[in-house]
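As a plain string of letters, each chain reads:
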Amino acid sequence: VQLQASGGGLVQPGGSLRLSCAASGDTWTTYGTGWFHQAPGQEREFVAAISWSGGFPMYADSAKGRFTISRDNANKNMVYLQMTSLKPEDTGTYYCAVLPREKAISRHSADYVTWGQGTLVTVSS
């Protein structure tokens with residue numbers, strides 16, 4: 001499977017963005033998918049993940065209540081990350097990634113086997 005993330009941009013603090021992760025290639029619907037955030041000069045960190053069925057979403061504490069992960073397997077082969085109440089510390093590159101089929105969901109980047117190229121989010125006034 002190949003992944004492409006999009007939807008990043010410049011937004012003011014308190015604003016919203018929706019990131020999209022498009023998949024092509026293998027049977028996308030059987031993979032758990034996650035979003036990760038990498039701030040400038042820092043390590044990549046977990047944001048949210050969703051199982052292949054769309055159930056059991058998992059969030060980092062920093063994302064709970066502000067971000068929502070969802071997927072559309074039937075129509076568009078897309079996974080989304082709806083981000084609201086954005087803060088300057090949310091600035092960075094956001095990557096989507098997929099797990100191997102035998103692993104339903106994970107918050108650990110080392111578990112993910114395929115990564116998209118990333119999309120840049122800048123939260124600034």
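Preceding this paragraph is the structure being described.
Residues numbered from 1 in each chain as written. Predicted model: local features only at pLDDT ≥ 70, side-chain atom pairs only at ≥ 80, totals over all residues. Heavy atoms only, no water.

Draft legend 1. Looking closely at the side chain of Ser51. Positionally, Ser51 belongs in the loop between strand S5 (44-50) and strand S6 (58-59). Leaving out residues up to four positions away in the same chain, Ser51 has contacts with Gly32, Phe56, Arg71, Ala104 and Ile105. (Helix = DSSP H or I, 4+ residues; strand = E, 2+ residues; numbered from the N terminus. Contact = heavy atoms within 4.5 Å.)

Draft legend 2. Focus on unusual backbone geometry. The backbone of Ser85 shows a phi angle near 50 degrees, a positive value even though the residue is not glycine. Mapped onto the elements, Ser85 comes out in the loop between strand S8 (78-83) and strand S9 (92-98). Of the residues examined, Ser85 reaches a relative accessible area of 40% and is grouped as partly exposed. (Buried < 20%, exposed > 50% of the residue type's maximum accessible area, 1.4 Å probe, protein only.)

Draft legend 3. Highlighting the nonpolar core. Of all hydrophobic cores here, the largest spans 26 residues; its most connected members are Trp35, Val47, Phe67, Ile69, Leu81, Met83 and Tyr94. The biggest single contributor to this core is strand S3 (residues 17-24), with four residues. The contacts of Leu81, once residues within four sequence positions are left out, are Leu17, Arg18, Leu19, Trp35, Val47, Ala48, Phe67, Thr68, Ile69 and Tyr94. By size, the runner-up hydrophobic cluster in this structure holds seven residues, among which are Phe36, Ala49, Ala97 and Tyr112. (Core = buried A, V, L, I, M, F, W, Y, C linked by side-chain atoms within 4.5 Å.)

Draft legend 4. Representation of the sheet that holds S8 in the model. Spatially, four strands are ordered S1-S3-S8-S7 in an open sheet, and the strand pairing comes out antiparallel. Lying at the two open borders of the sheet, with one neighbouring strand each, are strand S1 (2-6) and strand S7 (67-72). Taken over all neighbouring pairs, the strand axes of this sheet differ in orientation by 15 degrees on average, direction set aside. (Pairing = 2+ DSSP bridges. Axes fitted to C-alpha atoms, helices over the stretch in contact; angles between N-to-C directions.)

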